[in-house]
Amino acid sequence: MEQRKRSWAEPYKMKVVELIHMTTREEREAALKEAGYNTFLLKSKDVYIDLLTDSGTSAMSDRQWAGMMTGDEAYAGSENFYHLEAAVQKYYGYKYLVPTHQGRAAEHIISQLLIKQGDVVPGNMYFTTTRLHQELAGGTFVDVIIDEAHDPDSTHPFKGNVDLNKLQAVIDKYGASKIPYVALATAVNMAGGQPVSMQNLRELRELTAKHGIKVIHDMTRVAENAYFIKKREAGYADKPIGEIVLEICSYTDGATMSAKKDALVNIGGFLALNDWALFEKARNMVVVYEGLHTYGGMAGRDMEAVAIGITESVEENHIRARVEQVIYLGEKLIAMGVPVVHPIGGHGVFLNAKQILPHLTQDQFPAQALAAELYLDSGVRSMERGIVSAGRNKEGKNNYPKLELVRLTIPRRVYTQAHMDVVAESVQEVYENRSKITGLKMVYEPEYLRFFQARFDVL
Ligand SMILES: Cc1ncc(COP(=O)(O)O)c(C=O)c1O
């Protein structure tokens, strides 16, 4: 007998709600102009549905809020640090923990400790803050993700995979001694939230072990990656998400974590390591940049919320509802004929701005213009992931990424299916009127991570 489809639903109900503000088109026009056509510079009060990022925007559970009340705000040896340390050891399998205020602080520490001037750092697609810290430490990032990741229409089930031939070529060219580690991200953000397969991780471990090269894991969205492994990779359908997460981490030597994503908190992060000597150096360095090693950049209450959030992040019903909500929006847009990155990823739907606005050159910032237009239409805030985010190379020239995308990022446990419907209808409206969208020119460019603060004007 054919099995009937059973729907997913959110494994929680609402107890407190936050009222949101709706604006008129005139108000949005003024707000956008004032923000220099950069959605990062909009005031949140002027936003209706906020899909700028899934970072720090999750709704915490009542258990997490209750945990906040048990914050031990001692300068040294806070009880909450030990809870967090135990959660990292139990759920991720890493031995040693250095807490930080968020992910980029952990990236800073590991980059400064491991990268020497002239080193190369291969990785499965760049991430903005990660690559910047590698460069500031004197390294050069080399992309070794599979080619399919750069093709928005490829339906490869594991577009986050490392291309081991590309990695081998980097090792042959520079020598293992110039490669401090491979930067391995799970649920690769810039590729559209695309997962890495367990098979690929195993092979990566084998190759790097042969050459004595470390693997440092950007585990910001590891549970979302695990969900895709469970859904798509042979042998994992009946494995608990927690076990899959542990297996992923077991193929790596350490990790940087932005707890603001998977771990369902508004602030927090850490560096996790297995090597004691390296940990001792990191623990010493955190004192310089963040705070004592038993709080890093976090209050005790924040560490408690992260510890509880980690346990919630690997619950089957949670991760299923989280990723399936993203897929719900993606499939709706696909049915409307809107070009998006395939397959739909774990944390957001990525609109293919290059295909939607073929009349604009990449220098006219198509994704930035599309994000601005979507905001004008409905107050939905998204973000650019294209030439602006890609920044400049060491010679000061613009990088031209193959992907020119607008990211509709879904915060965890925040919006309903009706919100997703409203977003899809607005994207459809903008898509149908796409020929009228004009390009932008950049009128202010900051030195670092320009996408956050750059300002634009209409051409
Ligand atoms: C994949 C990835 N790595 C690292 C970071 C940096 O983390 P944070 O924003 O907490 O500094 C982020 C989020 O911005 C991310 O998405």
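All figures in this text were calculated on a predicted structure; none of them were measured in a lab.

A few words on the sheet that holds strand β11 (residues 383–385). Spatial strand order, β9-β12-β11: three strands in an open sheet with antiparallel pairing. If you trace the sheet from one side to the other, it starts and ends with β9 (348–352) and β11, each paired once. In this sheet, adjacent strand axes meet at a mean angle of 35° when their direction is disregarded. Across the face of the sheet, helix α12 (residues 316–335) comes into contact with β9 and β12 (405–409) while running at roughly 25° to β9.

Contact geometry for helix α1 (residues 25–34) and helix α14 (residues 366–378): axes closest at 7 Å, N-to-C directions at 150°. Classified by the interaxial angle, the pair formed by α1 and α14 is roughly antiparallel. From α1, R25, R28, E29, A31 and L32 reach across to α14, where they touch A372, E373, Y375, L376, D377 and S378.

A separate point is the site of the ligand. Close contacts around the ligand come from 13 residues, with G103, R104, D218, S258 and K261 the closest. The side chain of R104 places a nitrogen or oxygen atom 2.7 Å from an oxygen atom of the ligand. At a separation of 2.6 Å, an oxygen atom of the ligand approaches a polar side-chain atom of S258. Considering the ligand on its own, with 380 Å² of exposed area, one finds that the protein chains cover 92% of that surface. Per-element tally for the shell around the ligand: the top contributor is helix α4 (residues 103–114), with three residues. The class makeup of the residues in the shell around the ligand is one nonpolar, six polar and six charged.

Okay, unusual backbone geometry next. One can expect most non-glycine residues to show negative phi and most peptide bonds to be in trans. Here the amide bond leading from H342 into P343 is cis, since omega sits at -20°, within 30 degrees of zero. Tracing the chain through its elements places P343 in the loop between α12 and β9. Its identity as a non-glycine residue notwithstanding, L264 has a phi of 65°, on the positive side.

A few words on helix α7 (residues 198–211). The terminal C-alpha atoms of α7, which comprises 14 residues, lie 20 Å apart, in line with the 20 Å expected from a rise of 1.5 Å per residue. Where α7 is buried, its residues meet α6 (164–174), β5 (181–185), β6 (214–218), α8 (222–232) and α9 (241–250). In the stretch just after α7, G212 is the one whose phi turns positive, near 65°.

Okay, the pairing of β5 next. Of all five residues making up β5, five are buried, and the element is well covered by its neighbours. Side chains Y181, A183 and A185 of β5 all project onto a buried face; the interleaved residues V182 and L184 project onto the opposite face, where all are buried too. One ladder, built from five bridges, connects β5 with β6; its direction is parallel. Bridge pairing in β6 places V182 opposite V215. Regarding the hand of the β-α-β motif, the stretch spanning β5, α7 and β6 is right-handed.

The next thing to look at is the side chain of R450. Structurally, the position occupied by R450 is in helix α17 (residues 450–453). At 2.9 Å, the side chain of R450 forms a polar contact with the side chain of N398. In this structure the side chain of R450 is engaged in a polar contact, spanning 3.0 Å, whose partner is the side chain of E445. Those residues in contact with R450, other than ones at most four positions away along the chain, are I387, V388, G391, R392, N398, M442 and E445.

Between its first and last C-alpha, α12 extends 28 Å over 20 residues, near the 28 Å set by a 1.5 Å rise per residue. Looking at α12, one finds that the buried residues are H318, I319, A321, R322, V323, E324, Q325, V326, I327, L329, G330 and L333. Packing partners of the buried residues in α12 comprise α8, α9, α11 (300–313), β9, β12 and α16 (417–432). One or two positions beyond α12, positive phi appears at G337, with a value near 85°.

Tallied over the full model, the rule gives 11 aromatic pairs. When the ring of F40 is compared with that of F451, the centres are 5.8 Å apart and the planes differ by 65°; the resulting orientation is edge-to-face. Taken together, the residues F40 in the loop between α1 and β1 (49–50) and F451 in helix α17 connect sequence positions 411 residues apart. On the basis of relative accessible area, F40 is assigned to the partly exposed category, the value being 21%. The class for F451 is buried, based on a relative accessible area of 2%. Taken together, the ring pairs connect F40, F451 and F452 into an aromatic cluster. Across the ring face of F451, the terminal group of R385 is positioned such that the distance to the ring centre comes to 4.8 Å. The positively charged end of R434 is found above the aromatic ring belonging to Y431, 3.9 Å away from the centroid.

What counts, and at which threshold
- Residues numbered from 1 in each chain as written.
- Predicted model: local features only at pLDDT ≥ 70, side-chain atom pairs only at ≥ 80, totals over all residues.
- Heavy atoms only, no water.
- Pairing = 2+ DSSP bridges.
- Helix = DSSP H or I, 4+ residues; strand = E, 2+ residues; numbered from the N terminus.
- Axes fitted to C-alpha atoms, helices over the stretch in contact; angles between N-to-C directions.
- Contact = heavy atoms within 4.5 Å.
- Parallel < 35°, antiparallel > 145°, perpendicular 65-115°, else oblique.
- Near = heavy atom within 4 Å.
- Polar contact = N/O pair within 3.5 Å; in protein donor to acceptor, adjacent residues only side chain to side chain.
- Areas by Shrake-Rupley, 256 points an atom, 1.4 Å probe, with all protein chains shown as cover.
- Nonpolar A, V, L, I, M, F, W, Y, C, P; charged D, E, K, R; others polar.
- Expected span 1.5 Å × (residues − 1).
- Buried < 20%, exposed > 50% of the residue type's maximum accessible area, 1.4 Å probe, protein only.
- Right-handed = clockwise from strand over helix to strand, strands pointing away.
- Phe/Tyr/Trp six-rings, centres within 6.5 Å; stacked < 30°, edge-to-face > 60°.
- Lys NZ or Arg CZ within 6 Å of the ring centre and 35° of its normal.

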